[in-house]
Amino acid sequence: MKDKATPISEIVAKLPIGQSVVVKGWVRTFRNNQFIALTDGSTIRTLQVVVDFENTPMELLKKITTGAAIGAKGKIVESQGRGQDVELKAEEVVVYGEADPEKYPLQPKRHSLEFLREIAHLRFRTNTFGAVFRVRHQLSFAIHRFFHERGFYYLHTPIITSSDAEGAGEMFRVTTLDLKDLPKNEDGNIDFKQDFFERETNLTVSGQLEAELAALALGKVYTFGPTFRAENSNTSRHLAEFWMIEPEVAFNDLDDNMDLAEAMLQYVIKDALEHCADDLAFLSDRLLEEEKNKPQDQRSEMSLIERLQFVVNNTFERLTYTEAIDVLMNSKPNKKKKFSYLIEKWGADLQSEHERYLVEKHFKKPVILTDYPKEIKAFYMRVNDDDKTVRAMDILFPGIGEIVGGSQREERLEILEKRMQEMDIPTEEMYWFLDTRRFGSCPHAGYGLGFERLVQFVTGMGNIRDVIAFPRFPGSANF
Ligand code: 4AD
Ligand code: MG
């Protein structure tokens, strides 16, 4: 079929009754040798294509099965049936690719998300994943637009790096050395001089340090790229490969940083509500359906769409780590020993159960926690006058926990060097980072937004593995 196809999204929006159109897509269902429900990825809605079965050869009809790729040409008419305004009265149907019904893994019924993860190459064809990936696209464009409108430059930071930005040591190694025959030094250690880059290299855990260098020249930059963490966390909120957005702004302090992050989150969620109404309505219903299987007290009080509107329309609660510890120590689950990790004293690292208590039970809104103990945060965060806390901020979201982590950076050379020494971070090797503090240093701040956690929040998907096309996690790098 040579003619250009009209997207179904356009047909259901414009209802071009009487016009002749071509559509191309995949068969969702085919009833009574007559009614095809066709999807083409442009919208969650299907178009009903009515086949003139009396004048269509049996051979062709047999090939129109769930999953087959077809094209159809005909007139848009008002629909006789219920559930749609218009349908396509087909004059010609071609089958591009058959899908053997005996073998095609997707049936027009509800499949479990776990099953669909096993066939990640086909799960795009389902309503749920179609909706998730359209929303994901909208969010990523909204992020670029948000920063672009505010005069930020999009910076591409390296994926292969020799520095461990977070100092957490959870990196994937990059090498071309033959692992079965490693070159050795005289002292018996591996001779990385013979490796491709003549040094040890890894996949990046964050583009922040490079972004800081650019911010101290260009003013406002952001990155949006893949990051890799070899942490062995088999949770519904961790991936080994995920996408992170990292703005960095010269002359911003922590308050500016919080304002920027809050404005960004509200902007992109509002954008999705405006542009993905059909998909979000579907995902909202899907979540309601799923929550019916949960005990009453674990169901959310708001629907997905209400939750998104709530975040857009309410300011986030801002408090210090110290204040949060007070709330947690006096909380019911802590007193009744219901938390798996009890909060016994100031200095404790917060677990996701504590973050979720603060957001979901205590404040019932997104929370920004600031000024954490320096011992539990990265070396680059600005030390407060108390010498105990740093200008850190974590943004906590309902159902997700930490969605953003950031800070005002330590711009004072001596204090930064001292912190690095305390934390065993090699200052000589990091001369390129410290040079920004040597020459024209200034206050600056930034943060990292975990993109998949944002997509999870907006789509209501329970597992982070279901908001990325090909999830990588411990034990799995299929497709
Ligand atoms: O809090 P993190 O580790 O902060 C940084 O990497 C800083 N360099 C950011 C900055 O200040 N420029 O990570 C930032 C965010 C987290 O809040 C979380 O949303 C997400 O990245 N994240 C992950 N998402 C999925 N899987 C993982 N394993 C993640 N680890 C962090
Ligand atoms: Mg963090």
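The shown structure was predicted, so the numbers you read here are calculated from the model rather than taken from an experiment.

Reading guide: rules and limits
- Residues numbered from 1 in each chain as written.
- Chains lettered and ligands numbered in written order.
- Predicted model: local features only at pLDDT ≥ 70, side-chain atom pairs only at ≥ 80, totals over all residues.
- Heavy atoms only, no water.
- Near = heavy atom within 4 Å.
- Polar contact = N/O pair within 3.5 Å; in protein donor to acceptor, adjacent residues only side chain to side chain.
- Areas by Shrake-Rupley, 256 points an atom, 1.4 Å probe, with all protein chains shown as cover.
- Helix = DSSP H or I, 4+ residues; strand = E, 2+ residues; numbered from the N terminus.
- Pairing = 2+ DSSP bridges.
- Axes fitted to C-alpha atoms, helices over the stretch in contact; angles between N-to-C directions.
- Phe/Tyr/Trp six-rings, centres within 6.5 Å; stacked < 30°, edge-to-face > 60°.
- Buried < 20%, exposed > 50% of the residue type's maximum accessible area, 1.4 Å probe, protein only.
- Domains from an automatic or database assignment.
- Contact = heavy atoms within 4.5 Å.
- Buried area = accessible area lost by both parts, 1.4 Å probe.
- Salt bridge = Lys/Arg side-chain N within 4 Å of Asp/Glu carboxyl O.
- Nonpolar A, V, L, I, M, F, W, Y, C, P; charged D, E, K, R; others polar.
- Arc of directions from axis to C-beta.

Glu 166, Gln 208, Arg 229, Glu 246 and Glu 402 are the nearest of the 24 residues found near ligand 1. Contact distances for ligand 1 include 2.8 Å between an oxygen atom and a side-chain N or O atom of Arg 229. One of the backbone N or O atoms of Gly 405 is found 3.4 Å from an oxygen atom in ligand 1. When isolated, ligand 1 has an accessible area of 630 Å², and the protein chains bury 93% of it. Of all the secondary-structure elements, those providing two or more residues to the shell around ligand 1 are strand 11 (241–250), strand 15 (401–408) and strand 16 (444–450).

We now examine the sheet that holds strand 5 (residues 86–97). One key point about sheets: their strands pair by backbone hydrogen bonds, in either a parallel or an antiparallel sense. Reading around the barrel, the five strands line up as 1-2-3-5-4 and close back on themselves, with mixed pairing between neighbours. For this sheet, the mean angle separating the axes of adjacent strands, direction not counted, is 55 degrees. Where strand 4 (residues 69–78) lies against strand 5, 10 bridges are found, and the strand directions are antiparallel. Among the inter-strand pairings, Ala 72 is bridged to a residue of strand 5, identified as Val 93.

What follows covers the packing of aromatic side chains. Scanning all chains against the criterion turns up 20 aromatic pairs. Seen in terms of ring centroids, Phe 147 and Tyr 222 are 4.7 Å apart; in terms of plane orientation they differ by 20 degrees. Their pairing is stacked. Taken as a pair, Phe 147 in helix 4 (residues 127–149) and Tyr 222 in strand 10 (residues 220–228) lie far apart in primary sequence, 75 residues in all. Residue classification places Phe 147 among the buried positions, given a relative accessible area of 0%. Taken together, a centroid distance of 5.4 Å and an interplanar angle of 40 degrees make the contact between Tyr 321 and Tyr 372 tilted. Of this pair, Tyr 321 sits in helix 9 (residues 321–329) while Tyr 372 is found in strand 13 (residues 367–373), placing the two residues 51 residues apart along the sequence. This pair shows no difference in class: Tyr 321 is buried, exactly as Tyr 372 is. Among the aromatic residues, those joined into a ring-pair cluster are Phe 146, Phe 147, Phe 152, Tyr 154, Tyr 222 and Tyr 267.

Domains assigned within the protein chain are domain 1 (8–109) and domain 2 (125–170 + 205–466). Once you take the C-alpha centre of each, domain 1 and domain 2 turn out to be 43 Å apart. Facing the 10 residues of domain 1 at the interface are eight residues of domain 2. Counting the surface lost from both domain 1 and domain 2, the interface buries some 790 Å², and carbon and sulfur atoms represent 44% of this. Between domain 1 and domain 2 we count one salt bridge in total. Of the charged contacts, one joins Arg 45 and Asp 278 as a salt bridge, the two residues approaching to 3.1 Å between their closest N and O atoms. For the interface between domain 1 and domain 2, the tally reads six residue pairs in polar contact (both at pLDDT 80 or more). Within the side of domain 1 that touches domain 2, the residues separate by chemical class into four nonpolar, four polar and two charged.

With that settled, consider the environment of Val 383. Relative to the helices and strands, Val 383 is located in the loop between strand 13 and strand 14 (389–397). Every residue in contact with Val 383, bar those within four places of it in the chain, is listed here: Thr 389, Val 390, Glu 410, Arg 412, Ile 415 and Arg 419.

Turning to the packing of helix 7 (residues 277–291) against helix 8 (residues 304–313), a few remarks are in order. The geometry of helix 7 relative to helix 8 is characterised by a closest axis approach of 8 Å and an angle of 115 degrees between their N-to-C directions. For the pair helix 7 and helix 8, the contacting residues are Leu 280, Ala 281, Leu 283, Ser 284 and Leu 287 in the first and Leu 304, Ile 305, Arg 307 and Leu 308 in the second. Taken together, the residues that form the contact of helix 7 with helix 8 break down as seven nonpolar, one polar and one charged.

Right, let's talk about helix 13 (residues 431–438) for a bit. Turning to helix 13, its buried residues are Phe 433, Leu 434, Thr 436 and Arg 437. Considered in projection along helix 13, the buried side chains sweep an arc of 140 degrees and stay on one side of the axis. Of the surrounding secondary structure, the elements contacted by the buried residues of helix 13 are helix 5 (208–218), helix 12 (413–422) and strand 16. Note on helix 13: the residue one or two positions beyond its end, Gly 440, has a positive phi of about 70 degrees.

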